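This is what each chain is made of:
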Amino acid sequence: MKLFGSDKASKISLDGRDIAILEAVKRGRSGICTADILAMIEKETGKEIRLATVYNTVLDLEKKGLIKTSGSSSADNGGRPRRLFSITSTGNLALTLGEEIANSQLEAAHA
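Residues numbered from 1 in each chain as written. Predicted model: local features only at pLDDT ≥ 70, side-chain atom pairs only at ≥ 80, totals over all residues. Heavy atoms only, no water.

**Comments concerning the overall build of the protein chain**
Item 1. The helix and strand tally for the protein chain stands at four helices and two strands.
Item 2. Among the 111 residues that make up the protein chain, the fraction classed as buried is 30%.
Item 3. Counted over contacts in the protein chain with a minimum sequence separation of 6, partners at least 24 positions apart contribute 47%.
Item 4. Approximately 7,200 Å² of the protein chain is accessible, and the part contributed by carbon and sulfur atoms is 51%. (Helix = DSSP H or I, 4+ residues; strand = E, 2+ residues; numbered from the N terminus. Buried < 20%, exposed > 50% of the residue type's maximum accessible area, 1.4 Å probe, protein only. Contact = heavy atoms within 4.5 Å. Areas by Shrake-Rupley, 256 points an atom, 1.4 Å probe, with all protein chains shown as cover.)

**Structural notes on the pattern of salt bridges**
Item 1. Under the defined criterion, the tally for this structure stands at five salt bridges.
Item 2. Among the ionic pairs, Glu62 bridges to Arg83, the shortest N-O distance being 2.8 Å. Taken together, the residues span a long stretch of sequence, with Glu62 in helix 3 (residues 51–63) and Arg83 in strand 2 (residues 83–87) at a distance of 21 residues.
Item 3. Its relative accessible area of 24% is what places Glu62 among the partly exposed residues.
Item 4. A cluster of three or more residues bridged by salt bridges with shared partners is formed by Glu23, Arg27 and Glu44. (Salt bridge = Lys/Arg side-chain N within 4 Å of Asp/Glu carboxyl O.)

**Observations concerning the pairing of strand 2**
Item 1. With respect to burial, strand 2 is a largely interior element, four of its five residues being buried.
Item 2. Of the strand pairs in this sheet, strand 1 (residues 67–72) and strand 2 are connected by five bridges, and their pairing is antiparallel. By the bridge assignment for strand 2, Ile67 is matched with Ile87. (Pairing = 2+ DSSP bridges.)

**Considering the packing of helix 1 (residues 16–27) against helix 4 (residues 89–110)**
Helix packing geometry: the angle between the two helix axes and the distance between the axes.
Item 1. Contact pair helix 1 / helix 4: the axes reach a minimum separation of 10 Å and the direction vectors enclose 125 degrees. Classified by the angle between their axes, helix 1 and helix 4 sit oblique to one another. Considering the relative orientation of helix 1 and helix 4, their crossing is left-handed. Note on element contacts: helix 4 touches helix 1 through Gly91, Asn92, Ala94 and Leu95, opposite Ile19, Leu22, Glu23 and Lys26. (Axes fitted to C-alpha atoms, helices over the stretch in contact; angles between N-to-C directions. Parallel < 35°, antiparallel > 145°, perpendicular 65-115°, else oblique. Left-handed = near helix turned anticlockwise from the far one by under 90°.)

**Points about the nonpolar core**
Item 1. Counting residues in hydrophobic clusters, the biggest one holds 18 residues, and the most contacted among them are Ile21, Leu22, Val25, Ile37, Val58, Leu61 and Ile67.
Item 2. Residue assignment for this core shows that the elements contributing at least two residues are helix 1, helix 2 (34–45), helix 3, strand 2 and helix 4.
Item 3. The element contributing the most residues to this core is helix 1, with four residues.
Item 4. The contact partners of Leu22, leaving out residues within four places of it in the chain, are Leu14, Leu61, Leu66, Ile67, Ile87, Gly91, Ala94 and Leu95. (Core = buried A, V, L, I, M, F, W, Y, C linked by side-chain atoms within 4.5 Å.)

**Some details on helix 3**
Item 1. Between its first and last C-alpha atoms helix 3 spans 18 Å; for 13 residues at 1.5 Å apiece the expected length is 18 Å, and the two agree.
Item 2. Taken as a whole, helix 3 has its buried residues at Val54, Thr57, Val58 and Leu61. The arc that holds every buried residue of helix 3, seen down its axis, measures 105 degrees, which confines them to one face.
Item 3. Looking one or two residues past helix 3, Gly65 carries a phi angle of roughly 80 degrees, positive in sign. (Expected span 1.5 Å × (residues − 1). Arc of directions from axis to C-beta.)

**Comments concerning the confidence of the model for the protein chain**
Item 1. Counting all residues, the mean pLDDT for the protein chain is 82, and 84% of those residues have values of 70 or more.
Item 2. Scored below 50 in pLDDT, residues 5–10 shows six contacts in the model against residues more than four places distant or in partner chains. (pLDDT = per-residue confidence, 0-100.)

So this is what it looks like as structure tokens:
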């Protein structure tokens, strides 16, 4: 999916994995870590996904400006603090446009 007509943002393209992760981050509202993103996607899809895949995709989405680091969780579990991610306004726009495109394609297929 291409966003916008010009400028740097027009080079943003998303695949299904990107969209699934954006949706999970959006549901996290105040911030979500990669392990929770993984758990949410596995629960929704019933498929196992590697944590490294989620983490690399999160970093890529952050480079594209679709999500941002919003802080870190406490290390209550004895481990190091986890980075929390939240969706940006551009990320929300990407999801909205993706949904509109998908809906229009479904309508065209059923016409």
